[in-house]
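Close look at the chain arrangement
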Amino acid sequence: IGMTLSSMGLRMNEEKTMAMRIDGNMGSSVSFTYLGYMFVVGNSGTELHLSERKYNKYRYLIDQVFLKYERTSHYRTRRADGSKKLDALDVLKHELNVLTGNGSLTQKKHFVKTGVYYTNRLLTSLDELKELDRYLAAKINTIAPPRNLFQYNGEDQYEARLKDWKLLLSRYTFTNGFEKRRECNHEYYTRVLTTLKKLYN
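The next point concerns the overall build of the protein chain. If you tally the helices and strands in the protein chain, you get seven helices and ten strands. In the protein chain, which comprises 201 residues, the proportion classed as buried is 41%. In the form shown here, the protein chain has an accessible surface area of approximately 12,600 Å², with 50% of it arising from carbon and sulfur atoms.

Moving on to the environment of I62. Along the chain, the position of I62 falls in helix 2 (residues 52–72). Filtering out sequence-adjacent residues up to four positions away, I62 remains in contact with L99, L132, Y135, L136, K139 and F174.

Quick look at the layout of surface pockets now. Of the pockets and cavities examined, the largest pocket occupies roughly 460 Å³. Lining the largest pocket are 19 residues, with K57, Y58, L61, L193 and K197 sitting closest to its centre. Of all the secondary-structure elements, those providing two or more residues to the lining of the largest pocket are helix 2, helix 3 (87–99), strand 8 (113–115) and helix 7 (186–200).

So, on to the packing of aromatic side chains. Per the stated rule, a full pass over the model turns up five aromatic pairs. Where Y117 meets Y118, the ring centres are 5.0 Å apart and the plane angle is 80°; that geometry is what we call edge-to-face. Members of the aromatic cluster, each reached through a chain of ring pairs, are F32, Y34 and F39.

We now examine the pairing of strand 4 (residues 45–50). In the sheet, strand 3 (residues 37–42) pairs with strand 4 via six bridges, with the strands oriented antiparallel. Paired with V40 across the two strands is E47, which belongs to strand 4. Hairpin connection of strand 3 to strand 4: two residues between the antiparallel strands.

Further remarks concern the packing of helix 2 against helix 4 (residues 127–141). The interhelical angle for the contact between helix 2 and helix 4, taken along N-to-C directions, is 10°, at an axis separation of 11 Å. Put simply, helix 2 runs roughly parallel to helix 4. Crossing angle aside, the handedness with which helix 2 passes helix 4 is right-handed. Of helix 4, the residues touching helix 2 (which contributes Y55, Y58, R59, I62, D63 and F66) are E128, E131, L132, Y135, L136, K139 and I140. In terms of residue class, the contact of helix 2 with helix 4 is made up of eight nonpolar, no polar and five charged.

Reading the values: rules and limits
Numbering of residues begins from 1 in every chain and follows the order in which that chain's sequence is written. For a predicted model such as this one, the threshold for reporting local features is a pLDDT of at least 70, and the threshold for listing and counting side-chain atom pairs is 80 or more; totals across whole chains, interfaces and linings nevertheless cover every residue. Based on all heavy atoms of the structure, the side-chain values leave hydrogens and waters out of the count. Under the DSSP-based scheme used, a helix requires at least four consecutive residues in state H or I and a strand at least two consecutive residues in state E, with every element numbered from the N terminus. Remark: exposure states derive from per-residue accessible area (1.4 Å probe, protein chains only) relative to the maximum for the residue type, with buried under 20%, exposed over 50%, and partly exposed in between. Only the protein chains shown count as cover for residues, and all accessible areas are computed by the Shrake-Rupley method using a 1.4 Å probe. Whether two residues touch is decided by their heavy atoms; if any such pair falls within 4.5 Å, the residues are in contact. Every definition here rests on a 1 Å grid over the protein atoms only: cavities are sets of points where a 1.4 Å probe fits but cannot get out, pockets are open sets enclosed by protein on both sides within 12 Å along at least five of seven lines, and lining residues have some atom within 4 Å of a point. Grid points are joined across faces, edges and corners, and a volume is the space filled by probe spheres set on the points. Aromatic pairing here means that ring centres of Phe, Tyr or Trp (its six-membered ring) are within 6.5 Å. Orientation follows from the plane angle: under 30 degrees is stacked, over 60 is edge-to-face, and everything else is tilted. Think of it this way: DSSP has to see at least two bridges between two strands before they count as a pair. In this analysis, axes come from line fits to C-alpha atoms, helices being fitted only over the stretch in contact, and the angle between any two N-to-C directions falls in the range 0 to 180 degrees. The cut-offs work like this: below 35 degrees is roughly parallel, past 145 is roughly antiparallel, 65 to 115 is roughly perpendicular, and the gaps in between are oblique. Put simply, a crossing is left-handed when the front helix is turned counterclockwise from the back one by less than a right angle, and right-handed when it is turned clockwise. Side-chain classes follow a simple rule in which Ala, Val, Leu, Ile, Met, Phe, Trp, Tyr, Cys and Pro form the nonpolar group, Asp, Glu, Lys and Arg form the charged group, and the remainder, Gly included, forms the polar group.

Put into structure tokens, the structure is as follows:
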């Protein structure tokens, strides 16, 4: 392990690093966490995965975002032009966009980029991100806003509008944010990011 880290210009802190042996089909391998990554060292080389702690954090935030949505799904206001606005769904959209995307901070930190790619850029395996995508997709599939939110001019457009919203939300994935380095609109990125941090604390 020490030689592997040295080749990457890293040094292992024995007090902060836990390693365990895993027996797999390709022979024994060793995994350990370091700086937010899980290193899996085996006969075929070294893979960098998302650490269990980071994976759990993302999953927790997904849960909190949808819990928040469920509590406010009946909220609706009108835009200045008089058209209806689905506030809870808009908020959910923005939070999933930021959670699975990237962006720049504001003011003195405007040059700092953060997000699913920039905080995990050394990943060589996206297994955990793909698992998060499956978990997120299942959550999106469960949304069911009150039927009256999709009634316009006396016409019930519930099924069609709900299908459109699920399709829109399904575009926000962790793998897409990582592989394409998708960046969010800077005008609301920091604001929404601050909200997500509050959900985690």
